[in-house]
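Coordinate inspection notes
Chain by chain, the residues:
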Amino acid sequence: MNTRTTEEVASTIRAAVQAAVWAPSVHNTQPWSFAVDGEELALRADSDRKLRLSDAMGREMLISCGAALMNIRLTLRALGWEPQVRVLPDPDRPALLATVRMGEAVTADEHTRMLHAEIERRRTHRAGFTELPVPDRLVEALVSQAGAEGVRLTPVRSEAAVRVLAALTCAAQDVQAQDRLFTLEMISWAQPPDSSRKEGVPARGYPREPRPTHPHFAQRDYAHGHPWGSDTDQFNATSTGTVAVLTTSADTREDWITAGQALQRVLLHASAYDVHAAFHTQALETFHLREFLRQELLSGEHPQTIMRLGYTSDDSEGVRRPVTDVLQERRPN
Ligand SMILES: Cc1cc2nc3c(=O)[nH]c(=O)nc-3n(C[C@H](O)[C@H](O)[C@H](O)COP(=O)(O)O)c2cc1C
């Protein structure tokens, strides 16, 4: 029989939400909200924050929320409670992505504690990596992390396939840059250097003058002609790193939430070994390019994220909305 005090429940759930907000999200849109009712925490998609043009189906929004769900699961377990998760529990409430309850008392294993410790430290990188290769054993461990969530992480070993991914990324970036509405949507999530906004991509999170990797994977143009970006040395390296694609065998809303959980598990495990990820998801926002990748490169699996993994001295700080902005607490009567 578990005995836990009301205060213990409240502080555990608050810690879980505090961790959830540190999940990665497309353009740092943080497309989530949380509601707590007794011992149950609800995770909802905040579709006001969905990218209506580049993510009309909400796929990237649900991947982002799935990553937040992984942080909740890890926090509950790290604090000694087995999470009881129901994904998409109510077909009549599609925005309700998951409910999580505190289950049996458990003792957190070392790996859970390791991943949990990385939640706030992990950062997205937006430039090349140093020449130091990610060891094969670590890449295999990342594949296993994704596999444990039922998702496939495929390291792209063939140079030709890496070139294809790089070329499609550059093509998608160029096509998006031609589209005024698309560009407006993206730059609405780009922060000027002196911004105090707690969302969107900060100017210190990318180089002022990007140096190409070989082959080159285009970055998003968050500065959009402004002299924004960081001048620090951490962005000078030019190695592409290890390219990897996260895929699912089906492509439903549930698969996207699952992909997000797997993504976060991979990123946290990588971060524990000082490996950063750079995302390049532009090609996946264009139906034909995503379909081309699925059929020609990924044996019919549905691509959910494209990443490069590697080493960098990047230590830029992240920004997030405070918990009070995203959490609704129902007070007991
Ligand atoms: C589904 C998804 C797609 C993303 N796509 C890109 C991308 O194409 N380019 C990029 O620079 N970052 C991308 N990101 C990373 C986000 O910009 C990043 O998570 C966010 O700005 C928060 O920063 P942090 O990860 O450093 O905490 C993506 C993240 C997610 C979850």
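What you are looking at is a predicted structure, and each value in this text was computed from that prediction instead of being measured.

Regarding the overall build of the protein
Looking only at helices and strands, the protein has nine helices and nine strands in total. Scaling as 2.2 N^0.38, a compact globule of 333 residues should have a C-alpha radius of gyration of about 20 Å, and the protein matches this with 19 Å. Principal-axis analysis of the C-alpha atoms places the extent of the protein at approximately 60 × 40 × 40 Å. Across the 333 residues of the protein, 55% fall into the buried class. A sequence separation of at least 24 residues applies to 78% of the contacts in the protein between residues at least 6 apart.

A look at empty space enclosed by the protein
In the structure shown here, the tally under the stated rule is two cavities of 30 Å³ or more. At the level of elements, helix H2 (59-78) and strand E8 (302-310) are the ones that each hand at least two residues to the lining of the largest cavity. Sorting elements by how many residues they give to the lining of the largest cavity places H2 first, with three residues. A class-by-class count of the residues in the lining of the largest cavity yields ten nonpolar, 15 polar and seven charged. Mapping the lining of the largest cavity onto the domain boundaries places at least three of its residues in each of domain 1 (6-121 + 319-329) and domain 2 (136-310).

With respect to the nonpolar core
Trp32, Phe34, Leu41, Ile72 and Leu153 are the most contacted members of the largest nonpolar core, which totals 59 residues. With eleven residues, H2 is the largest single contributor of residues to this core. Among all residues touching Leu153, those that are not within four sequence positions of it are Leu142, Val143, Ala146, Ala244, Val245, Leu246, Val266 and Met307. Residues Val156, Leu168, Leu284 and Leu289 belong to the second largest nonpolar core, which totals 16 residues.

Description of the domain arrangement of the protein
Partitioning the protein into structural domains gives domain 1 (6-121 + 319-329) and domain 2 (136-310). For domain 1 and domain 2, the distance between their C-alpha centroids amounts to 22 Å. Taken together, the 38 residues of domain 1 in the interface contact 40 residues of domain 2. Summed over both partners, the interface of domain 1 with domain 2 comes to about 3,400 Å²; 62% of that surface belongs to carbon and sulfur atoms. Our count for the domain 1 to domain 2 interface comes out at three salt bridges. Of the charged contacts in the structure, one is a salt bridge between Arg73 and Glu149, with a shortest N-O distance of 3.0 Å. At the boundary of domain 1 and domain 2, one finds 20 residue pairs in polar contact (both at pLDDT 80 or more).

So, the site of the ligand
Neighbouring the ligand are 18 residues, the closest being Arg123, Thr124, Arg126, Thr281 and Arg320. At 2.9 Å, a side-chain N or O of Arg122 approaches an oxygen atom of the ligand. Between the ligand and Arg320 there is a distance of 2.6 Å, counted from an oxygen atom to a side-chain nitrogen or oxygen. Protein contact buries 98% of the 620 Å² of open area that the ligand shows by itself.

So, the sheet that holds strand E2 (residues 40-45)
With respect to topology, five strands assemble into an open sheet ordered E3-E4-E2-E1-E9, the strand pairing being mixed. Every other strand in the sheet has two partners, leaving strand E3 (81-87) and strand E9 (327-329) as the edge strands with one partner each. Each adjacent strand pair in this sheet contributes to an overall mean axis angle of 20°, direction not counted. In the packing of H2 onto the sheet, contacts are made with strand E1 (32-37), E2, E3 and strand E4 (96-105), and the angle to E3 comes to roughly 155°.

A few points about the confidence of the model for the protein
In this model, the protein carries an average pLDDT of 96, and 98% of its residues clear a pLDDT of 70 or more. The lowest-confidence element of the protein is E9, averaging 93 in pLDDT; the highest-confidence one is helix H7 (residues 253-272), averaging 99.

Regarding helix H6 (residues 180-187)
Considered for burial, the residues of H6 that qualify are Phe182, Thr183, Glu185 and Met186. Around the axis of H6, the buried residues are gathered within 160° of arc, so they sit on the same side. Elements in contact with the buried residues of H6: helix H5 (159-178).

Comments concerning the environment of Pro210
For Pro210, the position within the fold is in the loop between H6 and strand E6 (242-248). For Pro210, a relative accessible area of 56% corresponds to the exposed category. C-alpha separation for the pair Pro210 and Ala127, spaced 83 residues apart in sequence, amounts to 6.8 Å.

Points about unusual backbone geometry
With an omega of -5°, the peptide bond between His214 and Pro215 qualifies as cis. Mapped onto the elements, Pro215 comes out in the loop between H6 and E6. Its identity is not glycine, yet Gln30 carries a phi of approximately 50°, on the positive side. Although it is not a glycine, Ser299 sits at a positive phi angle of roughly 50°. For Ser299, the location among the structural elements is in the loop between helix H8 (287-296) and E8.

Rules used throughout
Residues numbered from 1 in each chain as written. Predicted model: local features only at pLDDT ≥ 70, side-chain atom pairs only at ≥ 80, totals over all residues. Heavy atoms only, no water. Helix = DSSP H or I, 4+ residues; strand = E, 2+ residues; numbered from the N terminus. Rg over C-alpha atoms; globule rule 2.2 N^0.38 Å. Buried < 20%, exposed > 50% of the residue type's maximum accessible area, 1.4 Å probe, protein only. Contact = heavy atoms within 4.5 Å. 1 Å grid on protein atoms, 1.4 Å probe; cavity = no way out; pocket = protein on both sides within 12 Å on 5 of 7 lines; lining within 4 Å. Points joined across faces, edges and corners; volume = space filled by probe spheres on them. Nonpolar A, V, L, I, M, F, W, Y, C, P; charged D, E, K, R; others polar. Domains from an automatic or database assignment. Core = buried A, V, L, I, M, F, W, Y, C linked by side-chain atoms within 4.5 Å. Buried area = accessible area lost by both parts, 1.4 Å probe. Salt bridge = Lys/Arg side-chain N within 4 Å of Asp/Glu carboxyl O. Polar contact = N/O pair within 3.5 Å; in protein donor to acceptor, adjacent residues only side chain to side chain. Near = heavy atom within 4 Å. Areas by Shrake-Rupley, 256 points an atom, 1.4 Å probe, with all protein chains shown as cover. Pairing = 2+ DSSP bridges. Axes fitted to C-alpha atoms, helices over the stretch in contact; angles between N-to-C directions. pLDDT = per-residue confidence, 0-100. Arc of directions from axis to C-beta.

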